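Chains, contacts and geometry: an overview
These are the residues of each chain, in order.
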Amino acid sequence: MTWIRILSLIALAVASALDHSVASAASSGKVIIAQGVDPSTLDPMNHQESPAANVCRNIFDTLLERDQDLKIQPMLARELPRLVSPTVWEIKLRAGAKFQNGEPVDAEAIKFSLERLVDPKLKLRGSPPFAPLSHVEIVDTLTVRIHTRAPWPILDTLMSATQAAILPPKHYRDKDSSQAGRAPVGSGPFRFVRWVRDERIELEANEQYWRGAPRVKTLVFRPIPDDAVRVAALQNGEVDVAVNIPPHLATIIANHPKLFLTTAPSVRTIQLMYYTHQYDAQHKLIGPFPGPTADRRVRLAMNYAVDVDDIIKNVLDGKAVRTALMLTDKHFGFDPGIKPIKQDLAKSKQLLAEAGFPSGLEITLNSPQGRYVRDKEVAEALAGQLTKAGIRTTLKTHEWVHYFGTLAYNHRTQPIWLLGWGTSTYDAETVYVPLFRAGRFLSNYYNADFEGMIEQAQATMDAKKRAEIYQRINRLWVEDAAAMPLYQQIDLYGATKRIAWKARGDEAIKGYDMAVKDSK
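In what follows, the accompanying structure is described. (Residues numbered from 1 in each chain as written. Predicted model: local features only at pLDDT ≥ 70, side-chain atom pairs only at ≥ 80, totals over all residues. Heavy atoms only, no water.)

Some points on the overall build of the protein
- Within the protein, the regular secondary structure consists of 16 helices and 21 strands.
- In terms of overall size, the protein behaves like a compact globule, its C-alpha atoms giving a radius of gyration of 23 Å where 520 residues would be expected to give roughly 24 Å.
- Its C-alpha atoms give the protein principal-axis dimensions of roughly 70 × 55 × 45 Å.
- Relative to its full complement of 520 residues, the protein shows a buried share of 58%. (Helix = DSSP H or I, 4+ residues; strand = E, 2+ residues; numbered from the N terminus. Rg over C-alpha atoms; globule rule 2.2 N^0.38 Å. Buried < 20%, exposed > 50% of the residue type's maximum accessible area, 1.4 Å probe, protein only.)

Quick look at the environment of Gln-235
- If you trace the backbone, Gln-235 turns up in helix H7 (residues 227-235).
- The spacing of Gln-235 and His-256 is 21 residues in sequence and 8.4 Å in space, taken between C-alpha atoms.
- Not counting residues up to four positions away in its chain, the partners in contact with Gln-235 are Ile-252, His-256 and Leu-259. (Contact = heavy atoms within 4.5 Å.)

What about the environment of Val-433?
- Here Val-433 is to be found in helix H14 (residues 429-436).
- For the pair Val-433 and Gly-333, spaced 100 residues apart in sequence, the C-alpha to C-alpha distance is 13 Å.
- When residues no more than four places from it in sequence are discounted, the contact partners of Val-433 are Pro-128, Arg-440, Ile-454 and Gln-458.

A closer look at empty space enclosed by the protein
- Evaluated as defined, the whole model comprises 5 cavities of 30 Å³ or more.
- Of the volumes computed, that of the largest cavity is approximately 390 Å³.
- Lining the largest cavity are 32 residues, and of these Gln-48, Gln-163, Gly-422, Thr-423 and Ser-424 lie nearest its centre.
- Of all the secondary-structure elements, those providing two or more residues to the lining of the largest cavity are helix H2 (50-59), strand E12 (259-274), helix H13 (400-407), strand E18 (416-421) and H14.
- In this structure, the second largest cavity encloses a volume near 160 Å³.
- Asn-54, Val-243, Asn-244, Arg-371 and Glu-507 are the residues nearest the centre of the second largest cavity, which is lined by 17 residues in total.
- Mapped onto the lining of the second largest cavity, the elements with two or more residues apiece are H2 and strand E19 (483-496).
- Here the element with the most residues in the lining of the second largest cavity is E19; it accounts for 4 residues.
- Looking at side-chain class alone, the lining of the second largest cavity contains 7 nonpolar, 6 polar and 4 charged residues. (1 Å grid on protein atoms, 1.4 Å probe; cavity = no way out; pocket = protein on both sides within 12 Å on 5 of 7 lines; lining within 4 Å. Points joined across faces, edges and corners; volume = space filled by probe spheres on them. Nonpolar A, V, L, I, M, F, W, Y, C, P; charged D, E, K, R; others polar.)

Focus: the layout of surface pockets
- In this model, the second largest pocket occupies a volume close to 490 Å³.
- Forming the boundary of the second largest pocket are 23 residues, of which Lys-123, Ser-127, His-283, Gly-439 and Phe-441 lie nearest the centre.
- When its residues are assigned to classes, the lining of the second largest pocket shows 12 nonpolar, 6 polar and 5 charged.

Considering the sheet that holds strand E6 (residues 133-140)
- Read across the open sheet, the 4 strands follow the order E4-E5-E7-E6; overall the sheet is antiparallel. Edge positions in the sheet fall to strand E4 (82-85) and E6, since each has one partner strand and no second. Neighbour-to-neighbour, the strand axes of the sheet open up by a mean angle of 30°, direction not taken into account. (Pairing = 2+ DSSP bridges. Axes fitted to C-alpha atoms, helices over the stretch in contact; angles between N-to-C directions.)

Details of the pairing of strand E10 (residues 216-223)
- With 7 bridges joining them, strand E1 (residues 28-35) and E10 adopt parallel strand pairing. Along E10, the bridge assignment pairs Val-31 with Leu-219.
- Where strand E9 (residues 200-205) lies against E10, 4 bridges are found, and the strand directions are antiparallel. Residue Glu-204 lies in a different strand from E10, and its bridge partner there is Thr-218.

Topic: the pairing of E6
- Direction of pairing for E6 relative to strand E7 (residues 143-148): antiparallel, over a ladder of 6 bridges. Bridging from a neighbouring strand, Glu-137 pairs with Arg-145 of E7.
- Where E6 hands over to E7, the hairpin turn is made up of 2 residues, counted between the paired strands.

As for the environment of Pro-214
- Inspection of the secondary structure puts Pro-214 in the loop between E9 and E10.
- In the structure, Pro-214 is positioned 300 residues away from Met-514 in sequence and 8.2 Å away in space, judged by C-alpha atoms.

Some remarks on the nonpolar core
- In terms of nonpolar packing, the biggest core is built from 73 residues, with Tyr-432 and Phe-436 touching the most fellow members.
- Element by element, the count of residues in this core is highest for helix H9 (residues 296-305), at 6 residues.
- Residues in contact with Phe-436, not counting those within four places in the same chain, are Met-273, Met-326, Val-431, Ser-443, Tyr-445, Phe-450, Glu-451, Trp-477, Ala-482 and Ala-483.
- Within the second largest apolar cluster, 64 residues are counted, among which are Cys-56, Leu-203, Val-243 and Met-514. (Core = buried A, V, L, I, M, F, W, Y, C linked by side-chain atoms within 4.5 Å.)

Section: the pattern of salt bridges
- Across all of its chains, the model carries 26 salt bridges by this definition.
- Note that Asp-295 is salt-bridged to Arg-297, the shortest N-O span being 2.8 Å.
- Among the residues examined, Arg-297 registers a relative accessible area of 31% and is labelled partly exposed.
- We note a salt bridge from Glu-362 to Arg-392, for which the minimum N-O separation is 3.9 Å. Taken together, the residues Glu-362 in strand E16 (residues 361-368) and Arg-392 in strand E17 (residues 391-398) connect sequence positions 30 residues apart.
- Judged by its relative accessible area of 62%, Glu-362 falls in the exposed class.
- Residue classification places Arg-392 among the partly exposed positions, given a relative accessible area of 35%.
- Connected through salt bridges with shared partners, the residues Arg-82, Glu-90, Lys-92 and Arg-145 form a single ionic network. (Salt bridge = Lys/Arg side-chain N within 4 Å of Asp/Glu carboxyl O.)

Here is the structure:
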């Protein structure tokens, strides 16, 4: 290890200690966070959704984490992973960390947790991005080696994902995912207290946390799907943080005497997803989807039929960034040379006629309500634009847990559905693989050329060559109209001035980063 690296680690430790110097005293105060929806589970490995991740990241730790500047830093690992060979990564753990039930955070816990994540018998919904992981070898009590089935360039990055949470083996070994999702135990800064479904999740400070106790005593998550109700709760002092502030209310929050607005360009992009192929409940490919979206010309016609800039201006008050891909400019694999499609109604009608629909067609658009910024209103605007272009669209809105947990995970949102997708890895692999590779929980797409290129990209360790592969993947994805990319979300949060906190670009809400100025 170089002296620069050593000094950097020392500086990080000192900064963390200074930042939480008041945490050596007893934690105090309560912070109530209003999310748009209730999580589907509190098993950190059995989901791919931010509302669950935001609760879980306060209960569980991971080997690595992203700091406020979104840079990867050691967490339960005492230093960044070392690549021993193309398929072996070595990780050394910090000494002294314990789970909330007293079990030690050791090599056995790492092996149990990561092998549980990819256990094919469990079929955990957070497992697809980790498919290349083979097994974990225990070197000694505080050292493990993670083996992969092939070279895998983003293993270190994915060790910061909530799905890679480290679990206490004795507590979880005999629990199925349903049991695990109701009684979470981790090594994080907050302990689970209770979950009243669709009402609140209560956490309390872990006073024995290895980093020092959090400054906040009680952390509560409340689901409030309706934007107006959520903002009113913030204004009335019923909650301290509210997610997804409607853009047209941002100025009101910013000018409120007791509130402040905090924003960040999101890792999340919003898009319409198409069914090109049908999969069964076990995610096995059945064949082409028996509907119009199986035809590339219909998908392209829909992409040309909408005016996304108009939606950004009139529905989102200008607070979004038009995208050509499902990648932001911070993603590895992003290509600035690919520009968004502009509305072209003549071309849309021509493509529909070529596909055998000269008089247009009827279609259903599925959307959640309350999960993303003005998601229902955006879906309504899209349905209206498509209908005017001859694609007569019926909108169906759904409650989030049913929409994602029951419909999307089981390939039942056909033929088109609205999805926001953002992973804190900022890597193209964690966009394309879970959403478009065959056999994944959320994929309704198949393209043999795409499959081959993705497989090649996943096994390429050379960053330059890997970037070149993703350039080709991006072009194929656009040309095949695999989805309808819409915009990058700008995250808007409202908060009370009684707390100290600021938004992050990865949507993480960490109680450990909060402090209560007035705990009365």
